[in-house]
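Descriptive analysis of the structure
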Amino acid sequence: MKLEHALHAARALVLADLAAGEVAQADIVSLVEDAIAHRRWWVEQWPEGVAYVAGLVAQDVQDALLERYGRWPLCPVCTQGGDLHALDVEPELGPDPHWVCGKTAVAVAPVGSLGTTL
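Let us look at the structure shown here. In this text, all values refer to a predicted model and were calculated from it rather than measured experimentally. For every chain, the first residue of the written sequence is number 1, and numbering continues from 1 onward in sequence order. Totals for whole chains, interfaces and linings use every residue, but because this is a predicted model, local features are given only for residues with pLDDT of at least 70 and side-chain atom pairs only at 80 or more, for both listing and counting. Here the side-chain values reflect all heavy atoms present in the structure, with hydrogen atoms and water set aside.

**A few points about the packing of helix α2 (residues 26-45) against helix α3 (residues 53-68)**
Interaxial angles span 0 to 180 degrees and are taken between N-to-C directions of axes, which are lines fitted to C-alpha atoms, for helices over the stretch in contact. The helix and strand labels rest on DSSP assignments: H or I over at least four residues marks a helix, E over at least two residues marks a strand, and numbering proceeds from the N terminus. One can describe the packing of α2 onto α3 by two numbers: an axis separation of 9 Å at closest approach and a directional angle of 135°. Classified by the angle between their axes, α2 and α3 sit oblique to one another. Between α2 and α3 lies a crossing whose hand is right-handed. Together, Ile 28, Leu 31, Val 32, Ala 35, Ile 36, His 38, Arg 39, Trp 42 and Val 43 of α2 and Val 53, Leu 56, Val 57, Asp 60, Val 61, Ala 64, Leu 65 and Arg 68 of α3 make up the contact between the two elements. Broken down by class, the residue content of the contact of α2 with α3 amounts to 13 nonpolar, one polar and three charged. For classification, angles of less than 35 degrees are called roughly parallel, those exceeding 145 degrees roughly antiparallel, those between 65 and 115 degrees roughly perpendicular, and all remaining angles oblique. Two helices that cross are described as forming a left-handed crossing if the nearer one is turned anticlockwise from the farther one by less than a right angle, and a right-handed crossing if clockwise. Contacts are residue-level and defined by heavy atoms, with any inter-residue pair within 4.5 Å sufficient. Residue classes follow a fixed rule: Ala, Val, Leu, Ile, Met, Phe, Trp, Tyr, Cys and Pro count as nonpolar, while Asp, Glu, Lys and Arg count as charged, and any other residue, Gly among them, counts as polar.

**Things to note about the nonpolar core**
By size, the foremost hydrophobic cluster in this structure holds 33 residues, and its most contacted members are Leu 18, Val 57, Val 61 and Trp 99. For this core, the elements supplying multiple residues, two or more each, are α1 (2-20), α2, α3 and β3 (107-110). At eight residues, α3 tops the list of elements feeding residues into this core. If we skip the residues at most four places from it in the chain, Leu 18 touches Val 23, Ala 24, Ile 28, Val 32, Val 61, Leu 65 and Trp 72. Working definition of a nonpolar core: buried Ala, Val, Leu, Ile, Met, Phe, Trp, Tyr and Cys residues. They are joined through side-chain atoms within 4.5 Å. Relative accessibility under 20% of the residue-type maximum defines a buried residue, over 50% an exposed one, and the middle range a partly exposed one, all with a 1.4 Å probe and only protein chains included.

**Some thoughts on the packing of aromatic side chains**
Side-chain rings of Phe, Tyr and Trp (the six-membered ring for Trp) are treated as a pair once their centres are within 6.5 Å; stacked means planes under 30 degrees apart, edge-to-face means over 60, and tilted covers the remaining angles. Within this structure, the stated rule accounts for three aromatic pairs. Look at Trp 42 and Trp 46: their rings are 5.2 Å apart centre to centre, the planes differ by 80°, and that puts the pair in the edge-to-face class. For Trp 42, a relative accessible area of 18% puts it in the buried group. Consider the rings of Trp 72 and Trp 99, whose centres lie 5.4 Å apart with planes at 80°: the pair is edge-to-face. On the criterion of sequence distance, the pair formed by Trp 72 in the loop between α3 and β1 (88-90) and Trp 99 in strand β2 (residues 98-100) is long-range, its members being 27 residues apart. When sorted by exposure, Trp 72 lands in the same class as Trp 99, which is buried. Among the aromatic residues, those joined into a cluster by ring pairs are Trp 42, Trp 46 and Tyr 52.

**Regarding unusual backbone geometry**
With an omega dihedral of -15°, the bond running from Trp 72 to Pro 73 counts as a cis peptide bond. The residue Pro 73 is located in the loop between α3 and β1 in this model. Look at Asp 96: it is not a glycine, yet its phi comes out positive at around 55°. Summarising the element assignment, Asp 96 is placed in the loop between β1 and β2.

**Description of the pairing of β3**
Strand pairing follows a simple DSSP-based rule, namely that at least 2 bridges must link the two strands. Here β2 runs beside β3; their pairing, made up of three bridges, is antiparallel. Of the residues in β3, the one forming a bridge with His 98 is Pro 110. Here β2 folds back onto β3, and the loop between the two strands holds six residues, one of which, Ala 105, carries a positive phi near 65°.

**Remarks on the side chain of Gln 62**
Within the secondary structure, Gln 62 sits in helix α3. Classification of Gln 62 by relative accessible area gives buried; the value is 12%. Dropping the residues within four chain positions of it, Gln 62 is found in contact with Trp 72, Pro 73, Ala 86, Leu 87 and Trp 99.

Structural data, given as structure tokens:
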């Protein structure tokens, strides 16, 4: 039950961030479902990793979007100079993941809360 709760929570958090960036189209939601399926298997192999699922799903979706569509989510902190870059998920493997600007080390928002900053 703990696994299913973590997967549903991760799905909801990442979908909220996608919706905040107005990129929650059906084909992109399919990327979320693919990430959830992969992380279900991953946690079944390493049950102690259940606390890390939200950050890992966010990273998986971010990687899939980069391959197909481009950078996401774009950093709202570094808007000057035309150097568009994506936010990073930190910690890379840990609980309580946040979107962070890798250039300034500014924590922008917890995963699932981009709507408050975009």
